[in-house]
Structures are given as C-alpha cells and as structure tokens.
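Coordinates in review
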Amino acid sequence: MRYGGFLVTRIKQVSGRLLERMLAAKGVAAFNGPQGRILFVLWQKDGVPMSELSRQTGLATTSLTSMIDRMEESGLVRRERTTTDRRKVLIYLTDEARGLERDYDEVSDEMNAVFYEGFSETEAEQLDAYLNRVLANIEAHL
C-alpha cells in the first residue's frame, strides 16, 4: 500500500508547527508560516501580481487576498495598481518586510537542516528530484 499523499500532508502539518516554533524562538512575530511563503516569493522578485503569488505559493486566490489584507495592515506589503492596466494590482514589500529577510533565511536554514538530517548529499538530491516529480505530476492534473 502506498501512502505518499498522506505522508506529504503530515510532513506539511508537522513542519508548519516546527516553523512556527522556530519563528517564535527567533522573536519573529511579524508573520506566520504561510505569510512567510508570500514574503519569500517577494524577496526573490518584488512587485508580483496576485495570480503569480497564488501560483508560486500554492495558496488559493481567496485565501491569498485575505492574507495580503492582513499583511498590508501589519505594514509588510503594499498594493499598487499598474500604470498600463488599472485592473492589475502588484504586491510590493515594505522596508519593514525587507528587514525580516535575514531572520527568515536563518530559520529556513534551520528547517532545511532538520528536513535533511541523516541524509547524504546524494539522498537529499534524490529526494528533491522525487518531490519535484510528484509536484509536476500533480500540477499536470490541475
């Protein structure tokens, strides 16, 4: 019997709790785990439309909209309409959010150390390749 989907779900749940604990221990109270995914995308490329944020974070647009509302109220992001298409809104980081990137990176490094603990470099690369294949399989069915 195969139960990869169950394991992936459990890993997501447990790692989410561990991430929250690590963020709290580091004193990072400005955002939670799912908001961290949004910030991560914006740290890579600022000024991203909601549709791209949804795709890159895996968050549904309705969930993302309410999260962006809260993040905007907290001073982490700002919305800005494009000059070429008034319907299109881009999401930008604030200076406050940019200042949190180093702490997030440190927690992310700690999470990776836990995630790959006991794996050889080859095993870690294989795991990443397998997970990318699973993700591609699932995305192909959307």
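About the thresholds
- Numbering of residues begins from 1 in every chain and follows the order in which that chain's sequence is written.
- Local features in a predicted model are, by the rule used here, given only for residues with pLDDT of at least 70; side-chain atom pairs are given and counted only at 80 or more, and totals for whole chains, interfaces and linings are based on all residues.
- By convention in this description, side-chain values take in all heavy atoms of the structure and omit both hydrogens and water.
- Any residue under 20% of the maximum accessible area for its type is buried, any over 50% is exposed, and the rest in between are partly exposed; the area is computed with a 1.4 Å probe on protein chains only.
- Numbering of helices and strands starts at the N terminus; helices are DSSP runs of H or I of at least 4 residues and strands are runs of E of at least 2.
- The pairing criterion for strands is at least two bridges between them, as found by DSSP.
- Think of a 1 Å grid over just the protein atoms. A cavity is a set of points where a 1.4 Å probe fits yet cannot get out, a pocket is an open set with protein on both sides within 12 Å along at least five of seven lines, and lining residues have an atom within 4 Å of a point.
- Grid points are joined across faces, edges and corners, and a volume is the space filled by probe spheres set on the points.
- Nonpolar residues are Ala, Val, Leu, Ile, Met, Phe, Trp, Tyr, Cys and Pro. Charged residues are Asp, Glu, Lys and Arg, and all others, Gly as well, are polar.
- Think of each axis as a best-fit line through the C-alpha atoms, taken over the contacting stretch in the case of a helix, with angles from 0 to 180 degrees between the N-to-C directions.
- Any angle from 65 to 115 degrees is called roughly perpendicular, while one under 35 is roughly parallel, one over 145 is roughly antiparallel, and all others are oblique.
- By the definition used in this description, the sense in which the near helix is turned from the far one sets the handedness, with an anticlockwise turn below a right angle giving left-handed and a clockwise turn giving right-handed.
- Here, two residues are considered to be in contact whenever any of their heavy atoms come within 4.5 Å of each other.
- A carboxyl oxygen of Asp or Glu within 4 Å of a side-chain nitrogen of Lys or Arg is what we treat as a salt bridge.
- Residues belong to one nonpolar core when they are buried, are Ala, Val, Leu, Ile, Met, Phe, Trp, Tyr or Cys, and are joined through side-chain atoms within 4.5 Å.

Among the five residues that make up strand 3 (residues 89-93), four are buried, leaving the element largely enclosed by the rest of the structure. Sheet analysis places strand 1 (residues 48-49) next to strand 3, joined by two bridges and oriented antiparallel. Across the sheet, Pro 49 pairs through a bridge with Leu 90, a residue of strand 3.

Space inside the largest pocket adds up to approximately 2,000 Å³. The wall of the largest pocket is formed by 37 residues, among which Lys 12, Ser 15, Arg 37, Thr 57 and Phe 115 lie closest to the centre. At the level of elements, helix 1 (4-25), helix 2 (33-44), helix 3 (50-57), helix 6 (101-115) and helix 7 (121-140) are the ones that each hand at least two residues to the lining of the largest pocket. Sorting elements by how many residues they give to the lining of the largest pocket places helix 1 first, with 12 residues. Residues belonging to the lining of the largest pocket are distributed by class as follows: 17 nonpolar, 14 polar and six charged.

The subject of this paragraph is the sheet that holds strand 3. With antiparallel pairing, the three strands of this open sheet are ordered in space as 1-3-2. The sheet terminates laterally at strand 1 and strand 2 (77-81), the two strands that pair on one side only.

So, on to the environment of Ala 25. Checked against the element boundaries, Ala 25 lands in helix 1. On the accessibility criterion, Ala 25 (72% relative accessible area) is exposed. It is 24 Å that separates the C-alpha atoms of Ala 25 and Gly 118, two residues lying 93 residues apart in sequence.

Looking now at the packing of helix 1 against helix 6. For the pair helix 1 and helix 6, interaxial distance at closest approach is 10 Å and the crossing angle is 140 degrees. By the angle between their directions, the pair helix 1 and helix 6 is classed as oblique. For the pair helix 1 and helix 6, the crossing hand works out as right-handed. Residues Ile 11, Ser 15, Leu 18, Leu 19, Met 22 and Leu 23 of helix 1 form the contact with helix 6, whose participating residues are Val 107, Glu 110, Met 111, Val 114 and Phe 115.

Let us now look at the pattern of salt bridges. A full pass over the atoms with the stated rule returns nine salt bridges. A salt bridge links Glu 106 to Lys 26; the shortest N-O distance between them is 2.4 Å. Remark: Lys 26 occurs in the loop between helix 1 and helix 2 and Glu 106 occurs in helix 6; sequence separation between them is 80 residues. Given the relative accessible area of 28%, Glu 106 is considered partly exposed. Of the charged contacts, one joins Arg 79 and Glu 72 as a salt bridge, the two residues approaching to 2.5 Å between their closest N and O atoms. Glu 72 gets classed as partly exposed once you look at its relative accessible area, which sits at 31%.

Note that Gln 35 resides in helix 2. Gln 35 sits in the buried class, given a relative accessible area of 9%. Among residues more than four places away in sequence, those in contact with Gln 35 are Ala 30, Met 67, Arg 70 and Met 71.

Turning our attention to the nonpolar core. The biggest cluster of nonpolar side chains holds 27 residues, and the ones touching the most others in it are Phe 31, Ile 38, Leu 39, Leu 42, Leu 53, Ile 68 and Val 77. In terms of residue count, helix 2 provides more of this core than any other element does, five residues in total. Beyond its immediate chain neighbours, meaning those up to four positions away, Leu 53 contacts Ile 38, Val 41, Leu 42, Val 48, Gly 58, Leu 64, Ile 68 and Ile 91.

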